[in-house]
Amino acid sequence: MTDLVEPKQVDIVYETEEPVRYEVIDNVAWITMNRPQFNNAQNGQMTYALDDAFGRAVKDDAVRCIVLAGEGKHFSAGHDIGTPGRDLHHEFDKRLMFPPHTNKPAAELLYTREQEQYLGMCRRWRDISKPTIAMVQGACIAGGLMLAWVCDLIVASEDAFFQDPVNPLMGIPGVEYFAHAYELPPRVAKEFLLLGERMPAARAYDFGMVNKVVPRDQLREATSVWAAKLAGQNRLGNWLTKQAVNHVEELRGKRAAMDAVYHMHHFAHAQNDLVTGNSIAGVSGKSAAAANKSASDKAENS
């Protein structure tokens with residue numbers, strides 16, 4: 001007798017063998033998400049490629065700063081919920097001492113997978129010993145927030161916006177790396193989550209979620225200036241400074257809060273399965289994009 005299941009067989013078509021590009025320029029590692037066709041939606045292929053790239057940058061003593069970027073119009077549309085490369089049922093070699101997920105039944109599959117690929121990976125990247133900068137343009141939605149938030153600094157273009165619409169769309173209390181109430185004042189975090197509306201870069205800057213806002217055509221240059229400054233500073237000093245601020249966040253309960261909300265998140269997934277037969281309430285990439293555009297148009301015309 002076993003409580004395991006046969007892994008589900010699905011067709012996965014990756015549009016690229018290079019979902020992440022890696023380049024070192026003047027002691028700065030540029031890690032670029034490279035699925036512009038799908039607005040840099042994050043599948044497992046990309047997540048593990050990001051982990052490889054971050055690991056490569058950490059191990060290279062010549063690299064003194066890391067920039068995370070997204071190719072194309074948008075930084076990231078979030079987690080992949082509908083491209084041909086969606087690989088929910090593909091088993092990657094785990095990095096964080098979690099068991100295989102594809103042979104687990106019901107809610108256990110997602111619970112196991114997302115401990116590694118979402119919450120675990122983000123925590124791993126947040127604690128990188130070198131300073132990190134997110135260079136954000138266009139959309140930074142849901143899972144895209146997680147990638148930006150793990151970075152020490154965020155430089156955004158004027159046309160960038162930030163959004164977590166998973167509560168209005170799916171009845172789920174925000175993405176897995178629940179930093180919302182640390183990045184924003186509590187009442188603003190509630191607005192951000194409950195309404196799921198777009199927050200322009202300028203407003204995010206006012207709350208301290210973004211460090212600098214520049215015109216799109218100056219984004220790379222502005223990011224490069226800060227990256228060069230960080231790369232030229234004392235290596236250990238940068239690392240200790242990161243640890244000092246991260247430690248204060250932990251004293252404020254950030255890790256414990258994320259653990260609690262992670263379980264709320266997966267309770268909501270399980271509820272969706274029971275009520276709708278689908279863990280994300282039947283939402284697809286296309287339906288989410290259409291709903292998002294409709295809501296944005298109404299907000300602009302109101």
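Residues numbered from 1 in each chain as written. Predicted model: local features only at pLDDT ≥ 70, side-chain atom pairs only at ≥ 80, totals over all residues. Heavy atoms only, no water.

(A) Focus on the overall build of the protein. The helix and strand tally for the protein stands at 11 helices and nine strands. At 19 Å, the protein has a C-alpha radius of gyration in line with the 19 Å of a compact globule built from 302 residues. Seen through its C-alpha atoms, the protein measures out along the principal axes to roughly 60 × 50 × 40 Å. Per-residue burial for the protein yields a buried fraction of 48% across its 302 residues. Taking the contacts inside the protein whose residues are at least 6 apart along the sequence as the reference set, 72% of them involve residues at least 24 apart. Carbon and sulfur atoms form 54% of the exposed surface of the protein, whose accessible area is close to 14,700 Å². On the protein, the mean spot of the 32 positive side-chain charges and the mean spot of the 38 negative ones are 3 Å from each other. (Helix = DSSP H or I, 4+ residues; strand = E, 2+ residues; numbered from the N terminus. Rg over C-alpha atoms; globule rule 2.2 N^0.38 Å. Buried < 20%, exposed > 50% of the residue type's maximum accessible area, 1.4 Å probe, protein only. Contact = heavy atoms within 4.5 Å. Areas by Shrake-Rupley, 256 points an atom, 1.4 Å probe, with all protein chains shown as cover. Lys, Arg positive; Asp, Glu negative; His and termini not counted. Charge placed at Lys NZ, Arg CZ, Asp CG, Glu CD.)

(B) Highlighting the side chain of Gln115. With respect to the secondary-structure elements, Gln115 resides in helix 2 (residues 107-126). The residues contacting Gln115, other than those within four sequence positions of it, are Phe98, Gly120 and Tyr262.

(C) Main features of the sheet that holds strand 3 (residues 65-70). Read from one edge of the open sheet, six strands run 1-2-3-4-6-9, paired in mixed fashion. Two strands close off the open sheet at either side, each with one partner strand: strand 1 (20-25) and strand 9 (212-214). Each strand of the sheet is rotated relative to its neighbour by a mean of 20°, with strand direction disregarded. As judged from the four bridges shared by strand 4 (residues 132-136) and strand 6 (residues 153-157), these two strands associate in the parallel manner. Looking at strand 6, one finds that Met135 is bridged to Val155. Contacts between helix 1 (residues 44-59) and the sheet are confined to strand 1, strand 2 (28-33) and strand 3, with strand 1 contributing the most and set at about 15° to the helix. (Pairing = 2+ DSSP bridges. Axes fitted to C-alpha atoms, helices over the stretch in contact; angles between N-to-C directions.)

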